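Breakdown of the fold
Given next are the chains, with one letter for each unit.
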There are 4 protein chains.
Amino acid sequence: MSDVLSKDSYPFSWPVRVYYEDTDTGGVVYYANYLKFYERARTEALRHIGFQQEALKNEDNLLFVVSSVQADYKRPAVLDDELTVFVRIAKMARTYLVFEQKIVKEIDGKETLLNAATVKVACVQGDSYRPKAWPDAVSERFETLIADNSQ
Amino acid sequence: MSDVLSKDSYPFSWPVRVYYEDTDTGGVVYYANYLKFYERARTEALRHIGFQQEALKNEDNLLFVVSSVQADYKRPAVLDDELTVFVRIAKMARTYLVFEQKIVKEIDGKETLLNAATVKVACVQGDSYRPKAWPDAVSERFETLIADNSQ
Amino acid sequence: MSDVLSKDSYPFSWPVRVYYEDTDTGGVVYYANYLKFYERARTEALRHIGFQQEALKNEDNLLFVVSSVQADYKRPAVLDDELTVFVRIAKMARTYLVFEQKIVKEIDGKETLLNAATVKVACVQGDSYRPKAWPDAVSERFETLIADNSQ
Amino acid sequence: MSDVLSKDSYPFSWPVRVYYEDTDTGGVVYYANYLKFYERARTEALRHIGFQQEALKNEDNLLFVVSSVQADYKRPAVLDDELTVFVRIAKMARTYLVFEQKIVKEIDGKETLLNAATVKVACVQGDSYRPKAWPDAVSERFETLIADNSQ
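Below, the structure is looked at part by part. (Residues numbered from 1 in each chain as written. Chains lettered and ligands numbered in written order. Predicted model: local features only at pLDDT ≥ 70, side-chain atom pairs only at ≥ 80, totals over all residues. Heavy atoms only, no water.)

**What about the relation of the copies chain D and chain A?**
With an RMSD of 0.0 Å, the fit of chain D onto chain A corresponds to turning through 180° and sliding 0.0 Å along the axis. The relationship between the two copies is best expressed as a two-fold rotation axis. For chain D, the minimum C-alpha distance to the rotation axis belongs to D:Q70 and amounts to 2.2 Å. Most of the interface of chain D is mirrored in chain A, where 100% of its interface residues are also at the interface. (Least-squares fit on C-alpha atoms with pLDDT ≥ 70 in both. Contact = heavy atoms within 4.5 Å.)

**Section: the packing of aromatic side chains**
Aromatic ring pairs are defined here through the distance separating the ring centres and the angle between the ring planes. By the definition in use, this model includes 40 aromatic pairs over all chains. With centroids separated by 5.6 Å and ring planes inclined at 55°, the aromatic side chains of C:F51 and C:F142 adopt a geometry described as tilted. Residue C:F51 is located in the loop between helix 2 (33-48) and helix 3 (53-60), and its partner C:F142 is located in helix 4 (residues 136-142); the two are separated by 91 residues in the primary sequence. One exposure class covers both C:F51 and C:F142, and it is buried. Taken together, the ring pairs connect A:Y30, A:Y31, A:Y34, A:F37 and A:Y73 into an aromatic cluster. Above the face of the B:Y96 ring, B:K120 is positioned so that its terminal group lies 4.3 Å from the ring centre. Residue placement shows D:R141 over the ring face of D:F51; its charged tip is 4.5 Å from the ring centre. (Phe/Tyr/Trp six-rings, centres within 6.5 Å; stacked < 30°, edge-to-face > 60°. Helix = DSSP H or I, 4+ residues; strand = E, 2+ residues; numbered from the N terminus. Buried < 20%, exposed > 50% of the residue type's maximum accessible area, 1.4 Å probe, protein only. Lys NZ or Arg CZ within 6 Å of the ring centre and 35° of its normal.)

**Notes on the sheet that holds strand 3 (residues 82-92) of chain C**
Taking strand neighbours across the sheet as the criterion, the 10 strands line up as 1(B)-3(B)-4(B)-5(B)-2(B)-2(C)-5(C)-4(C)-3(C)-1(C) in an open arrangement whose pairing is antiparallel. Of all the strands in the sheet, the pair left with one neighbour each is strand 1 (12-17) of chain B together with strand 1 (12-17) of chain C. Between one strand axis and the next, the sheet turns by 30° as a mean value, whatever way the strands run. (Pairing = 2+ DSSP bridges. Axes fitted to C-alpha atoms, helices over the stretch in contact; angles between N-to-C directions.)

**Considering the sheet that holds strand 5 (residues 110-125) of chain D**
Spatially, the 10 strands line up as an open sheet ordered 1(A)-3(A)-4(A)-5(A)-2(A)-2(D)-5(D)-4(D)-3(D)-1(D), and their pairing is antiparallel. Each edge of the open sheet is held by one strand with a lone partner, namely strand 1 (12-17) of chain A together with strand 1 (12-17) of chain D. Strand-to-strand twist in this sheet, taken as the mean axis angle between neighbours without regard to direction, amounts to 30°. As judged from the 11 bridges shared by strand 2 (residues 62-73) of chain A and strand 5 (residues 110-125) of chain A, these two strands associate in the antiparallel manner. Looking at the pairing, A:L63 lines up with A:V124 of strand 5 of chain A.

The structure is reproduced here in C-alpha cells:
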C-alpha cells in the first residue's frame, strides 16, 4: 500500500469485485458506478463501528445525505477486477463529515490507485432535511474512522 | 410495424435512447436494463391514461408491484440506439394486470424485434402488501390499454 | 435451507448484501436489480469451476448470452438485507444452459424464498452471435453445477 | 431560468424524467444517478453539434473519458420529477474539456437548482488511453457549446 497510500492511514477498507453490471461498452467501469463502490464501503465502515443507517433513521430520525462529491478518475477498472475501497473520515464537523476514499487495484504485485474521492455527508433530520448535529454517542464512534496523522 | 407486431394492437409506445449507462463491456445493453426500459414505458402508459403511481400510493394506499417477468432476448440493443417500447394490457384481473411489451428497433427501414416480455403486476395495499382489487374507476381506465383483438 | 429448497440440490451459492444503490423509492429492491444479483452468482459459479468469461471470450471467442429470463417476485428484499443467491444448472444442451436460481433470506431463523428465476444462457460466437457448441472441456466442468437429483 | 442561472448562458439543455430505477429507499434520486443524467445531457449536446461518440471511436480512434467530477447536491429530485439538465463548455483545452452542468426543476413556477457539477472530459487514444489533441474540426464545433459571456 505504501506507494499509493503512504503516510495516510485508512482505518477501513472493503473489497469490491467488478461484474458486468458495473461496466459499459467502453470496456471499463461506468463512471457513475464508482460512486456505488464508494457508498458500499462507507456503509460497511459505518456498520463496522456499529451503525445501521436504517436504524439511525427509524430510531433517531437522522439521515446521512451526500452533499458533495469530488472524484478523480486516474485509471479505469475493468470486468473481473478485484478492487479495494479505502475509507477514512478526514473531517468531523458538528453537522457533517468529510470522507476521503480511494479505489485501489493490485497490478503486478503493486497497489495501483484507480480512483480517489472526497465525499461530504451531511446529517439531516428525516423529514425537514434540515442540518442537525450528530448525537455525542455517534460522534464518538466516528472517531475510530478518523485517519491517524499523529506521527 | 406489421412484420413484427402484426394483428396485435399495442395501444401505447414510448421511445428510449440507449446511453452508456445502459450498456456493458460486452458491447450491448446489459440484460437487466431492458427491465428499466419496460418500466419506463409502463409508467408512461399509466401516466397517459391519467395515473401517477405516486398519487395512487398517497391517496388510495395502492401499490403496483411486479410479481413476475418473462423476457426473451432476441437481438441486442447497442449504444445510441433509438428504441421503441410497446405496451398493452393482455389481461385485467381483479387484483393484477398482465402486460405484454416489446422493444423494437428500426434496422434498414424495417422494425426489428429485439426483446419481448410479459410482466405481471399486482395491486397491493401499501403497508401489508396484500392483494387488493383495483377501484372501478381505475379498471375502467386500464381498458384503454387493452389490445384490440376485435377484428 | 430445507423448507424452501428441499429435495433440490443447489451446488453453488453466493452472498449478496443489499445497498442503497439496489433499492427504490418503494422501499424495496428495484425489480431489475435482482437480475444483477443472479448474474453475480452465475459469474461466481463459473469462476468457482474455473472459468473467467473474459478468458473464454479472448481465447475461444465464446460469449455467454442470456436468451431468456423468467423471474418470480415472491417477497421483497430491503436495504441491508443479507441474501443468499443459489445457482444450479438444470439443463445442459449443446449450445445453451438453463440455470435455476433462487434468492433466499433468513427471517426469524428460517430460510425464506424471496425470488426464483430460470435463466437460459446461450453460447455464441464472439462476432457473429451465432449459436455454438461448448467445447468438451467446458461442458465437463459445467457438470459440477448440475443439480444432483440422483438420490 | 433567470433566478438560478442568471448571467450564465447554457447553450444546451435536455429534459430528464425521474423513474423508479433512479430512486432509492431514501425516497429520492440515488446520488450516483445524477451522473447518469449529466452524461445523457452531454451526449445529447455532442449529438446536437454533430458528434456520435461511437463514430469518433470507430473513425478517429478517439475516446472521451471523464477524468474528474465535482458534484454539489443542493436539493433532492424525487420520483416523477421532470428535470432539465443544462450543459456548457466552460473551458476548451488542447486535450480536454471542462463541462459545467446543472440540474433544475420547476417548483411553484420557479426554476430551482437541485444539483450542479463540473466534469472534466479528456480526449484519449482508443487503445493507449494517452491524451490526444482534438482534431481542429472537432474543436470548432465544440465552440458552439461554450458559454457566451460576452455581454
